[in-house]
Amino acid sequence: MATLYTHQDKNIRKTWLLMAVFFAVIVGVGWFLSYYYDSPIVLYFSVGFSLLMNVGSYWFSDKIVLKLTHAKLADEIQFHDLHNIVENLAITAGLPKPRIFVIEDPVPNAFATGRNKEHAVVAVTMGLLGILDRTELEGVIAHELSHIGNRDILLQTIVVVLVGFLTLLADFFLRSRLWGFGGGRSREGGGQVQGILMIVGVILVILSPIIATLIQLAISRKREFLADASGALLTRYPEGLANALRKISNSSAPMKVVSNATAHLFIANPFGAKALHGLPKLFMTHPPMEERIKALVGN
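Keep in mind it's a predicted model, so treat the numbers as computed, not measured. (Residues numbered from 1 in each chain as written. Predicted model: local features only at pLDDT ≥ 70, side-chain atom pairs only at ≥ 80, totals over all residues. Heavy atoms only, no water.)

### Considerations on the side chain of H83
Relative to the elements of secondary structure, H83 occurs in helix α4 (residues 80–93). A polar contact of 2.9 Å, which involves the side chain of H83, links it to the backbone oxygen of A74. When near neighbours in sequence (up to four residues on either side) are disregarded, H83 contacts A74, D75, E76, K97 and I100. (Helix = DSSP H or I, 4+ residues; strand = E, 2+ residues; numbered from the N terminus. Polar contact = N/O pair within 3.5 Å; in protein donor to acceptor, adjacent residues only side chain to side chain. Contact = heavy atoms within 4.5 Å.)

Here it is, written out as structure tokens:
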């Protein structure tokens with residue numbers, strides 16, 4: 001019989017499987033470009049540049065996200081209950097108490113960010129605080145603390161680096177083809193096998209950013225399932241989070257301040273539930289609420 005523990009283990013395995021596929025795509029693209037240009041210099045430069053950009057973004061991730069979402073530090077007196085819930089659950093989870101922020105938005109939502117557990121941030125909207133009771137809010141906070149405890153921030157950063165890397169390589173390759181540079185090996189006339197290899201390589205490079213983005217979204221959905229299960233284990237009351245997700249899903253309006261760059265961080269899609277109708281599951285940043293609730297309480 002499936003339990004929250006089996007759901008957690010299953011999602012951990014699936015996440016690492018997706019990461020393995022991700023790395024396989026990168027190795028394939030990198031090998032092809034090294035072969036095509038007959039020089040590893042382009043690959044080294046691309047990797048270094050991509051890492052530099054993304055590590056910089058990761059280091060300042062909390063400041064960037066808080067600025068983008070217009071989040072403000074939650075006053076300990078005004079938001080005493082919120083601070084109390086976060087502190088108690090952080091102690092239970094064995095984590096340092098994260099900084100707490102609120103967002104002046106009527107749409108119920110929440111997110112966690114920061115480069116590690118020592119520099120973590122939890123932010124909730126005023127809309128969330130207005131509709132949830134204490135057990136439901138505990139479920140949401142436990143979910144966000146689970147993202148911190150499960151090191152989702154680190155994993156998401158790795159994924160961002162890999163997606164940026166692949167996109168950079170694909171863009172460089174397409175531009176060099178447009179300008180007529182490179183491809184020394186392709187002119188050597190290595191026969192039919194080499195021709196097929198070149199065609200497969202070109203297709204792989206062109207499609208790799210799309211493949212990478214789909215894998216990124218799949219990993220994001222798996223981490224949401226895992227955080228749901230971990231959060232329920234933390235509170236020992238899965239109905240609290242399930243009820244919170246039901247209330248959040250009833251809000252169809254998009255948040256006032258939202259972007260594609262931060263959408264995957266939130267506990268629910270910030271663009272609104274109605275906007276997802278008819279959208280293929282592959283392109284969703286979050287799994288359907290019905291599936292998340294079913295995984296928590298079985299109905």
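Moving on, there is more to tell.
### Comments concerning a nonpolar patch on the surface
Together, I199, I203, I206, L207 and I210 line one region of the surface with nonpolar side chains, adding up to about 440 Å² of accessible area. Since its relative accessible area comes to 54%, I199 is described here as exposed. (Patch = residues over 30% accessible without salt bridge, like charges linked within 9 Å, V, L, I, M, F, W, Y side chains within 5 Å. Areas by Shrake-Rupley, 256 points an atom, 1.4 Å probe, with all protein chains shown as cover. Salt bridge = Lys/Arg side-chain N within 4 Å of Asp/Glu carboxyl O. Buried < 20%, exposed > 50% of the residue type's maximum accessible area, 1.4 Å probe, protein only.)

### A few points about the pattern of salt bridges
Inspection of the entire model under this criterion finds five salt bridges. The partner of K247 in a salt bridge is E136, with the nearest N and O atoms 2.8 Å apart. Here K247 is found in helix α9 (residues 238–249), whereas its partner E136 is found in helix α6 (residues 134–149), with 111 residues between them in sequence. The salt bridge partner of R292 is D228, with a shortest N-O separation of 2.8 Å. Of this pair, R292 sits in helix α10 (residues 289–297) while D228 sits in helix α8 (residues 192–235), and the two are 64 residues apart along the sequence. D228 gets classed as buried once you look at its relative accessible area, which sits at 2%. Connected via shared salt-bridge partners are E224, D228 and R292.

### With respect to the sheet that holds strand β1 (residues 72–73)
Spatially, the four strands line up as an open sheet ordered β1-β2-β4-β3, and their pairing is mixed. The open sheet has two free edges, formed respectively by β1 and β3 (110–113), since each of these has just one partner strand. The strands touched by helix α3 (residues 61–69) within the sheet are β2 (99–103), β3 and β4 (121–125), with β3 carrying the most contacts at an inclination of about 155°. (Pairing = 2+ DSSP bridges. Axes fitted to C-alpha atoms, helices over the stretch in contact; angles between N-to-C directions.)

### Considering the nonpolar core
Counting 36 residues, the largest nonpolar core has L82, L128, V140, I141, L145, I148 and I267 as its most contacted members. Among the elements of the structure, α4, β2, β3, β4, α6, α8, α9 and α10 are those that each provide at least two residues to this core. Setting aside residues up to four positions removed in sequence, I141 forms contacts with L82, I85, V86, L89, V122 and V124. Formed by twelve residues, the second largest nonpolar core is a distinct cluster that contains L66, V107, V121 and L265. (Core = buried A, V, L, I, M, F, W, Y, C linked by side-chain atoms within 4.5 Å.)

### Brief notes about the pairing of β4
For β4, the buried fraction is high: five of the five residues fall into the buried class. On β4, burial covers both faces: V121, A123 and T125 on one face and V122 and V124 on the other are all buried. Note that β2 and β4 share five bridges and pair parallel. Pairing of I103 across the sheet is with T125, part of β4. Two elements, β3 and β4, share four bridges in a ladder whose sense is antiparallel. Among the inter-strand pairings, A110 is bridged to a residue of β4, identified as V124.

### Structural notes on the confidence of the model for the protein chain
For the protein chain, the average pLDDT comes to 79, and 70% of its residues sit at 70 or higher. Taken element by element, the protein chain is modelled with least confidence in helix α2 (residues 41–59), mean pLDDT 66, and with most confidence in β2, mean pLDDT 98. (pLDDT = per-residue confidence, 0-100.)

### Some remarks on the environment of L132
As for its placement among the helices and strands, L132 is situated in the loop between α5 (126–131) and α6. Separated by 115 residues in sequence, L132 and K247 place their C-alpha atoms 7.8 Å apart. When sequence neighbours within four positions are dropped, the list of residues in contact with L132 reads L137, V140, A244 and K247.

### Here we look at the packing of aromatic side chains
On inspection of all chains with the given rule, the structure shows one aromatic pair. Where F111 meets F266, the ring centres are 5.1 Å apart and the plane angle is 70°; that geometry is what we call edge-to-face. Of this pair, F111 sits in strand β3 while F266 sits in the loop between α9 and α10; the two residues are 155 residues apart in sequence, bridging distant segments of the chain. In this structure, F111 and F266 share a single accessibility class: buried. (Phe/Tyr/Trp six-rings, centres within 6.5 Å; stacked < 30°, edge-to-face > 60°.)

### What about the environment of L245?
Position of L245 relative to the elements: it lies in helix α9. For the pair L245 and P108, spaced 137 residues apart in sequence, the C-alpha separation works out to 9.7 Å. Apart from the residues lying within four places of it in its own chain, the contact partners of L245 are D228, I267, M289, R292, I293 and L296.

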